[in-house]
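# Structural overview for review
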Amino acid sequence: MAKDPLAEAGFYFDELNKLRVLEPDVSQKTSELKEECKEFVEKIGQFQKIVGGLIELVDELAKEAETEKMKAIGARNLLKSVAKQREAQQQQLQALIAEKKMQLERYRIEYEALSKVESEQNEFIDQFILQK
């Protein structure tokens, strides 16, 4: 078989009979590689969109988690303050109870003293009436 003088010079004809500098196999592989690159770039773009959506979703979840965390901290602080208020109120009530017990003891002593005075006065009156 005779060699093509154009092929020896590095020139080739394609399927449309256009003169090319590349061999048809190299040209075809280049076209295939170009298509594969386009597909790869498209897939990378889709991947970036998916990852972007995932990142947005994770960010939203993180914000929601932070909000719930702050609510929980607030509720815990509220419970602590309510507990402290109840403890303070309990101490106030215990102090009031102690004060009332002391007042009751004073009234009891006063009552005993007055009862003694009353009995002495009644005895005096009875003696006075008997002497008449």
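What you see is a predicted model, and the numbers here were worked out from it, not measured in a lab.

### Some details on the packing of aromatic side chains
Taken as a whole, this structure holds one aromatic pair when the rule is applied. Consider the rings of phenylalanine 124 and phenylalanine 128, whose centres lie 6.4 Å apart with planes at 20°: the pair is stacked. Highlighted residues: phenylalanine 124 and phenylalanine 128, both in helix 2 (residues 24-131), separated by four residues, approximately one helical turn.

### Description of the UniProt feature "coiled-coil region" (unreviewed entry) in the chain
In the numbering used here, UniProt assigns the "coiled-coil region" (unreviewed entry) feature to residues 79-117. Between the C-alpha atoms that bound residues 79-117 the distance is 56 Å, and the span itself is 100% helix and 0% strand.

### A short note on a negative patch on the surface
Residues Glu32, Glu35, Glu36, Glu39 and Glu42 make up a contiguous surface patch of negative charge. You can see glutamate 39 is positioned in helix 2. Here glutamate 39 falls in the partly exposed class, since its relative accessible area comes to 43%.

### With respect to a nonpolar patch on the surface
Side chains of Leu54, Leu57, Val58 and Leu61 sit close together on the surface and give an oily, nonpolar patch of about 370 Å² of accessible area. Relative to the assigned elements, leucine 61 resides in helix 2.

### Describing the pattern of salt bridges
Summed over all chains, the structure comprises three salt bridges. Taking the shortest distance from any N to any O, the salt bridge between arginine 108 and glutamate 105 comes out at 2.3 Å. Separated by three residues within a single helix, arginine 108 and glutamate 105 lie in helix 2, roughly one turn from each other. The exposure class of glutamate 105 is partly exposed, given its relative accessible area of 35%. Of the charged contacts, one joins arginine 108 and glutamate 112 as a salt bridge, the two residues approaching to 2.4 Å between their closest N and O atoms. Remark: glutamate 112 and arginine 108 occur in helix 2; sequence separation between them is four residues, near one turn of the helix. What makes arginine 108 partly exposed here is its relative accessible area of 36%. Judged by relative accessible area, which is 43%, glutamate 112 ranks as partly exposed. What you see here is one network of salt bridges that share partners, running through Glu105, Arg108 and Glu112.

Each value, and the rule that gives it
Residues numbered from 1 in each chain as written. Predicted model: local features only at pLDDT ≥ 70, side-chain atom pairs only at ≥ 80, totals over all residues. Heavy atoms only, no water. Phe/Tyr/Trp six-rings, centres within 6.5 Å; stacked < 30°, edge-to-face > 60°. Helix = DSSP H or I, 4+ residues; strand = E, 2+ residues; numbered from the N terminus. UniProt positions renumbered as here; feature names shortened; annotations may be inferred. Patch = residues over 30% accessible without salt bridge, like charges linked within 9 Å, V, L, I, M, F, W, Y side chains within 5 Å. Areas by Shrake-Rupley, 256 points an atom, 1.4 Å probe, with all protein chains shown as cover. Salt bridge = Lys/Arg side-chain N within 4 Å of Asp/Glu carboxyl O. Lys, Arg positive; Asp, Glu negative; His and termini not counted. Charge placed at Lys NZ, Arg CZ, Asp CG, Glu CD. Buried < 20%, exposed > 50% of the residue type's maximum accessible area, 1.4 Å probe, protein only.

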